[in-house]
Amino acid sequence: MKVVLENLTKKFPNRNKKEHGEVTAVDNFNFEIPDGKLIGLLGPSGCGKSTTLNLICGLQKPTAGKIYFGEDDVTDLPVENRGVGLVFQNYALYPHLTVRQNIRFPLENLRGKDKMTNDEMNAKALEIAKLVQIDGLMDRKPSELSGGQQQRVAIARALVKMPRVLLLDEPLSNLDARLRLQTREEIRRIQHETGITTVFVTHDQDEAMSISDMIVVMKDGVVQQIGKPQQVYDDPVNLFVAKFLGTPPINVFRGVVRGGKLYIGDAAVLDVSGAEDREVWVGIRPEGFIPAADGALVCKLSGVEVMGRDISIVSAHADSENEVIRSIVSAENAVDITAASVHFSLKPNKVFLFDRADETRIPVSAQ
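A brief report on the enclosed structure follows. A quick note: this is a predicted structure, and the numbers were derived from the prediction, not measured.

1. A short note on the sheet that holds strand 18 (residues 325-330)
- Taken in spatial order, the 5 strands line up as 15-19-16-17-18 in an open sheet, and their pairing is antiparallel. Both edges of this open sheet fall to strand 15 (289-291) and strand 18, since each of them pairs with a single strand only. Taking the axes of each pair of neighbouring strands and ignoring which way they run, one obtains an average angle of 50° across the sheet.
- Examined bridge by bridge, strand 15 and strand 19 (residues 341-346) share 3 bridges and lie antiparallel to one another. Along strand 19, the bridge assignment pairs Pro-291 with Phe-344.

2. Considering the packing of helix 2 (residues 99-108) against helix 3 (residues 118-131)
- Contact pair helix 2 / helix 3: the axes reach a minimum separation of 9 Å and the direction vectors enclose 125°. With respect to helix 3, the element helix 2 is oriented oblique. At the point where helix 2 passes helix 3, the crossing takes the right-handed sense. Of helix 3, the residues touching helix 2 (which contributes Arg-100, Ile-103, Arg-104, Leu-107 and Glu-108) are Asn-118, Met-121, Asn-122, Lys-124, Ala-125 and Ala-129.
- For the contact of helix 2 with helix 3, the class distribution of residues is 5 nonpolar, 2 polar and 4 charged.

3. Things to note about the nonpolar core
- Within the largest apolar cluster, 34 residues are counted, with the highest numbers of intra-cluster contacts made by Ile-103, Ile-134, Leu-159 and Ile-187.
- Elements represented by at least two residues in this core include exactly helix 2, helix 3, helix 4 (147-159), strand 7 (165-169) and helix 5 (177-194).
- Among the elements that take part in this core, helix 4 stands out by supplying 6 residues, more than any other.
- If we skip the residues at most four places from it in the chain, Leu-159 touches Ile-128, Leu-131, Leu-166, Ile-190 and Ile-196.
- By size, the runner-up hydrophobic cluster in this structure holds 25 residues, among which are Leu-262, Leu-270, Ile-284 and Ile-311.

The rules behind these values
- Residues numbered from 1 in each chain as written.
- Predicted model: local features only at pLDDT ≥ 70, side-chain atom pairs only at ≥ 80, totals over all residues.
- Heavy atoms only, no water.
- Pairing = 2+ DSSP bridges.
- Helix = DSSP H or I, 4+ residues; strand = E, 2+ residues; numbered from the N terminus.
- Axes fitted to C-alpha atoms, helices over the stretch in contact; angles between N-to-C directions.
- Parallel < 35°, antiparallel > 145°, perpendicular 65-115°, else oblique.
- Left-handed = near helix turned anticlockwise from the far one by under 90°.
- Contact = heavy atoms within 4.5 Å.
- Nonpolar A, V, L, I, M, F, W, Y, C, P; charged D, E, K, R; others polar.
- Core = buried A, V, L, I, M, F, W, Y, C linked by side-chain atoms within 4.5 Å.
- Buried < 20%, exposed > 50% of the residue type's maximum accessible area, 1.4 Å probe, protein only.

Structural data, given as structure tokens:
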């Protein structure tokens, strides 16, 4: 089921009495979510991603714009008639009910031709429990389950009616790091097996990039960029997107383009033929540094962190916006940790230039 958002806008009354007007949570959002895909809505707190999810499911009504499921206009349709499955951050399980009863609860509200017998509901609940791999826990109550198991119950409950659209609102934020990794892989597997169009809201860019077919990066209610995760990472449209995606984050320097060369401080670190002379922000991905004795970029060496197959060179530079610069290189690189400085050459495809004023990306032909 494709989902189309057309000029979607949501405004709330401004609760600050000193300021008049309204607060725009979602601003003119246009996007078509393809049938059967998993889309990640990504951005910092307050960017409008959860509000967008609430608009899609019908918990809130848009101030303007339309929402379509397939060819059906569902903008004014009540949430119970939209055929959506919801999974919340806090699981929202019924503590007095068993896993089986929690999963089958949505089926008990079916009426008319969709009404199911008790045996049919139990069979359907078991089928979905097997899908999320909790069929051995059917007689337990939520208090007897781990956080990851409770999350699977919540997902099973959302899936049991085979919704047209599955909506996940920060579903992994209450889990520990290892369990988050395991559960996000399970969400990807379940989505592949069911083929249900899924919208996944998160502020964690690792989660969004690892399981999404496409990501939507938002800031202050405005869509910044839409694309496949790797494409957005490799080709950010502005400095905000570049800084939001990536672990460790991108390293940002104050730079100048002069005479077809990019300068950081007094060092010409890259040829950028065709770029006009101007002051710029320079974004360099952590994997964009190459330790080299004749490298033009010289940084003050702070230390080296061993990460197994890679090492992280920690350094500093007077023109860096980051407090520390982290450069990820192969562990095969020999780094003299007793040296006062480290020299780097740069990988041109990992260096991005941004306008100093509006922070939009400056296309250049780096060499």
